[in-house]
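Survey of secondary and tertiary structure
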Amino acid sequence: MSTARRRRWVRLLAGPTIAVIAAAIAAIGVHAGAFQGFRQRAADGLFPTGVTDQRVAIVGIDARSLDELGQPWPWPRQVQSELVNRLVDAGAKVIVDDLVFAPATEGDPALAASMQRGVPVIVAASASLQPDPDGLLLRTVARTDPATALADASAGVAHASVTPDPDDGVVRSIPLVVEDERGHFTPALALAALMQLEGTTDIVLRLDAVVVGNVSVPTGERHSLTLSFSDGLIDRSKVISAIDVLRGRVPADALRDKVVFVGTTDPTLGDSHLVPPNKRDGVPGVVVHASALNTMLTGAYLRTESSSATVLTVAIVALLAGLLLLHLRLLVGLALVVVEVGAFAVLVLYRFQHGVIIDPVYPVAGIIGATVGALVVRYFTEVRQRRRVNALFARYVPATVAQQLVDDDLFDDVVNGVRLDITVFFCDLRGFTPIAAALKPAEVRMLLDAYYEHVCSRILERDGTIMQFVGDEVFAVFGAPIARGDHAVAALECALSVQRDRPRLDDELAGLGLPPVRFGIGLNSGEVVAAHVGPVHRRQYSVVGDTVNVGSRLCGQALADQVVAASALLDRLDHPRHDYKDLGRLELKGVADGMPAVRFSPLSTADEDVGGVVRD
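Note that the coordinates shown come from a computational prediction; the quantities given were computed from them, not determined experimentally.

Moving on, we get to a nonpolar patch on the surface. Residues Ile368, Val372, Val376, Tyr379 and Phe380 make up a contiguous nonpolar surface patch of about 520 Å² in total accessible area. Within the fold, phenylalanine 380 resides in helix α13 (residues 361-393). Given a relative accessible area of 61%, phenylalanine 380 falls into the exposed group.

For the protein, per-residue confidence averages 88 on the pLDDT scale, and 89% of positions sit at 70 or higher. Counted against residues more than four places away or in other chains, residues 604-616, with its pLDDT under 50, gives 40 contacts.

This part takes up the sheet that holds strand β10 (residues 209-212). Two modes of strand pairing occur in sheets, parallel and antiparallel, and in both the strands are linked by backbone hydrogen bonds. Read across the sheet, three strands follow the order β9-β10-β11 without closing on themselves; strand pairing throughout is antiparallel. Each edge of the sheet is formed by a strand with only one pairing partner; in this case those strands are β9 (204-205) and β11 (215-218). Looking at chain direction, β9 and β10 are connected through two bridges and run antiparallel. Its bridge partner being in β10, valine 204 is matched across the sheet by valine 211.

With that out of the way, let us pick up unusual backbone geometry. Where the residue is not glycine, phi is negative for most of them; where a peptide bond is considered, it is trans in most cases. A cis geometry characterises the amide bond from phenylalanine 47 onward to proline 48, with omega recorded as -5°. Summarising the element assignment, proline 48 is placed in the loop between α2 (36-44) and β1 (56-61). With an omega of 5°, the peptide bond between tryptophan 73 and proline 74 qualifies as cis. With respect to the helices and strands, proline 74 occurs in the loop between α3 (63-69) and α4 (77-89). Look at aspartate 257: it is not a glycine, yet its phi comes out positive at around 60°. Relative to the elements of secondary structure, aspartate 257 occurs in the loop between α9 (242-246) and β14 (259-264).

What follows concerns the packing of helix α7 (residues 189-198) against helix α10 (residues 285-298). At a minimum axis distance of 8 Å, the contact between α7 and α10 shows a crossing angle of 45°. One way to sum up the angle between α7 and α10 is to call them oblique. Crossing of α7 against α10: the hand is right-handed. Between α7 and α10, the contacting residues are Leu189, Ala190, Leu191, Ala193, Leu194 and Leu197 on the first element and His289, Ala292, Leu293, Met296 and Leu297 on the second. Grouping the amino acids of the contact of α7 with α10 by side-chain chemistry returns ten nonpolar, one polar and no charged.

Another aspect to go through is the side chain of histidine 289. By secondary structure assignment, the location of histidine 289 is in helix α10. In contact with histidine 289, not counting residues within four places along its chain, are Asp98, His159, Ala160, Ser161, Val162, Leu189, Ala190 and Phe261.

Thresholds applied
Residues numbered from 1 in each chain as written. Predicted model: local features only at pLDDT ≥ 70, side-chain atom pairs only at ≥ 80, totals over all residues. Heavy atoms only, no water. Patch = residues over 30% accessible without salt bridge, like charges linked within 9 Å, V, L, I, M, F, W, Y side chains within 5 Å. Areas by Shrake-Rupley, 256 points an atom, 1.4 Å probe, with all protein chains shown as cover. Salt bridge = Lys/Arg side-chain N within 4 Å of Asp/Glu carboxyl O. Helix = DSSP H or I, 4+ residues; strand = E, 2+ residues; numbered from the N terminus. Buried < 20%, exposed > 50% of the residue type's maximum accessible area, 1.4 Å probe, protein only. pLDDT = per-residue confidence, 0-100. Contact = heavy atoms within 4.5 Å. Pairing = 2+ DSSP bridges. Axes fitted to C-alpha atoms, helices over the stretch in contact; angles between N-to-C directions. Parallel < 35°, antiparallel > 145°, perpendicular 65-115°, else oblique. Left-handed = near helix turned anticlockwise from the far one by under 90°. Nonpolar A, V, L, I, M, F, W, Y, C, P; charged D, E, K, R; others polar.

Encoded structure:
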């Protein structure tokens, strides 16, 4: 198998191999629960959402309410009674009190009477929660219930407990149903409110859902609801101040036909919880409960993508990153990998808005790992190839051409031999023998160095390939080792530039105390075979064919300051505009019937456009 084919197979197999390795590592990590905290925090950054049900309202007992009312907390039950009356009069549909009315007080009859004015009022019970080893729910411990008279007058008692994540204390879910030591179920405040809206007292527990009336609420471990926090509820400016309700300063439509959650919002009262959208100051507990009902009313349920889906995602994104980097130019591949990361971020956001939390950590890590792996593969497959190219071509071609041989995977074809249409370039000094005889050896070397630099720099500027130096002759080709359609144009432009810029060379030689030089140039276009030839220890890049021989002989026909080219070169020029003289058929050794040729005199015109030629 050739080196090129072997390298192609390595790259072809490397992409899927990298994807499999990345997926295997992700599977192990997901199973072990690694980076769970990072995964949760990454998902937290997607909150809040913009989905808020207009049937949910929050009345907060804030600092302004405490100051203006002038009553110490907790407020007397008469004040709480007045607040309930105001909400009933405002047309509230359901009232949810995130307040534990315990112990009993002398004001309880008034509050109980307010709770029985026709609007269902749900009251809270508090308790610590712990897992039930024999069941699927959390069990209440050290529970505090409201006063009996108030519990009896209410539409129901619900638990107000929240469950912060033990790793970082952030509340991301609440248990919809808990169980007491007697096996009785107690709904969360939000679920109790939903039961009132659905007109039912029944709760059906399924393996992965809680069903109330016609609403099936998907739940996670121990029937907890993953909360979806919205702008309209966590924004403190949207919370209605309790004092404004008591003083009748709230617009009629702010509370009419709404589920109104009442709770403390003053941070000094201690009911504050860290949540994904606000991990610095937290939000009041009443906002957490209102967000739970909002999640159920809007159907903005969130579920975490399964472990198998996460592993599959890692495999896909790692495979794509590997293919991009292994089969495209490096900079293009890296740019597209960055685009891939951005596209994945958009996908995460899109899926989140549609209720699915995609693990962002492992896929991004997979992309990074695939990028590193692909770069390593490229290094070991390309560096050796680049060294081979540099060893064989660095003397002949510009660095950009050598790099293209690697990027386009052309090296093996070039080494083994290809047939190309090219233009050959020969430049030879005129009268050099007597000049060299009059100079010291060091001066001859200095003159040749300046001459070679003058000619070769212009060849390389036009991506020509320098083949060899024979005495005072420079041999170069255009169109090899990489084929190009404008090789004749480039060769003619180079030849004219070499001749027209000769005065600069003369000035440089004069500065060295050396005499000026003159040279002739021969050009020919045609087909050749290009390959590396020669014994193992002396191989060199060469082009073979009559095109080369004719080009060399045409150089011998060029006088000082002239460029002589075969008419075949003119056939490869579009719209010739450079002045030339038709020489007819020149008799050349080894060429039967002569060779049609033309002569350019570059120093006779200021026109440097290579677009073409005009007969004189």
